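# Observations on the model geometry
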Amino acid sequence: MAVKFEDWQDVKVAFEVARLGTLTAAAEALNVHHSTVLRRINNLEKNLNTRLFHRHARGYKATETGAKLFSTAQVIDSSLEQLHNDIAAADSTLRGSLLLTTVSGFMDVLGDVCEQFQALHPQVQLEMILEQKRLRLDHGQAHIAVRAGPRPDEGDYIAQHLAQLNSGLYANQRYINKYGMPKSLSDLQQHNFISGVAGFNARVPYFEWVDQHIAAPQIKLRVSETSEATRAVIKGLGIGGLQHNVAAQYANLVPILSNELIWCTDIWLVTHHLVHRTAKVQAFSQLLKTYFQTNKAS
């Protein structure tokens, strides 16, 4: 009886489970529900009339038959990925879409660059993907990423250092008028704060500091995006962390203990090596580098 693949997506999902070892990890990587992953595995095994995984307490391990299938699937997936990137790399015109990915809080930083790019290259449509989760440049999910933190170390990526952005605590002048200006670190124990939700703080240094040094009852608002924290500070809901160059855009924001509290974050321009030299990527990258060289972060 001939083997019949009803849906290549079933193979792709099962391959991710074999690669990562658990349904949960595969579901997160594919951005689908856990039940979808399980359903596709069951469909594939039913269609092939064979068991592809050994199920155990620690996760999923491919059977001998599964390993053969997934080895072939990896070759096919790599070939399709190469084809996608070859097509993208062949694009030498300043037309079509350019996909950028970063976190939402960086829109205040990137807005000027986007405006310049649109003025210079009106035939290119910018698509900004604001996502805390890192998108896969090698899978074509974005052309350019602007990332914060340690230098990205993916082997096929090109990471260029853009700047070091400094951050501090700020409050709206209206908040200061109501609750007073903190004069020392101990004074902060009398104030309201804005921080991030669980699982988000470790990636934002001033959120992490607030959680470590400020009592939980004083944290009056938690958010899942740095841009929302900025809005909350602007609205006078409490003291919160902002990048200095973002805070400078709002005349009613007042720095809090600026000599005592400062956080430094490295910013990286990241591209995939197969699309790095395309016209659209190079055009935006040059504007971005020029912007950060001209506007040294304070």
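Let me begin by describing the structure that accompanies this report. (Residues numbered from 1 in each chain as written. Predicted model: local features only at pLDDT ≥ 70, side-chain atom pairs only at ≥ 80, totals over all residues. Heavy atoms only, no water.)

## With respect to the pairing of strand S6 (residues 157-172)
Put simply, the rule reads: Burial here depends on accessible area, computed with a 1.4 Å probe over protein chains only, as a share of the maximum for the residue type. Under 20% is buried, over 50% is exposed, and the range in between is partly exposed. Comment: elements are numbered from the N terminus, with helices defined as DSSP H or I runs of at least four residues and strands as E runs of at least two. Here the rule is simple: two strands pair whenever DSSP picks up at least two bridges between them.
With twelve of 16 residues buried, S6 is to be regarded as a mostly interior element. Of the strand pairs in this sheet, S6 and strand S11 (residues 263-272) are connected by ten bridges, and their pairing is antiparallel. Each bridged residue has a counterpart across the sheet, and for Leu165 the counterpart in S11 is Thr265. Pairing between S6 and strand S10 (residues 253-256): four bridges, direction antiparallel. Note on S10: the bridge partner recorded for Asn172 is Leu253.

## Quick look at unusual backbone geometry
Backbone geometry follows two general trends: most residues other than glycine have a negative phi, and most peptide bonds adopt the trans configuration. Positioned with a positive phi, Asn49 is a non-glycine residue whose angle comes to about 55°. Backbone geometry places Leu257, a non-glycine residue, at a positive phi of 50°. Note that Leu257 resides in the loop between S10 and S11. The class of Leu257 is buried, set by a relative accessible area of 9%.

## Considering the packing of helix H1 (residues 8-20) against helix H2 (residues 23-30)
Here is the rule we go by: To obtain each axis, a line is fitted to C-alpha atoms, and for helices this fit is confined to the stretch in contact; angles are then taken between N-to-C directions over 0 to 180 degrees. These descriptions rest on fixed angle ranges, namely under 35 degrees for roughly parallel, over 145 for roughly antiparallel, 65 to 115 for roughly perpendicular, and the rest for oblique. Crossings are assigned a handedness: left-handed for a near helix turned anticlockwise from the far helix by less than a right angle, right-handed for a clockwise turn. The criterion used for residue contact is that any of the two residues' heavy atoms lie within 4.5 Å.
Here H1 crosses H2 at 125°, and the two axes come no closer than 8 Å. With respect to each other, H1 and H2 are oriented oblique. For H1 against H2, the interelement crossing comes out right-handed. Along its contact with H1, which presents Val13, Glu16, Val17 and Leu20, the element H2 presents Leu23, Ala25, Ala26, Ala29 and Leu30.

In short, the description is geometric, and any link to function would need to be established separately.
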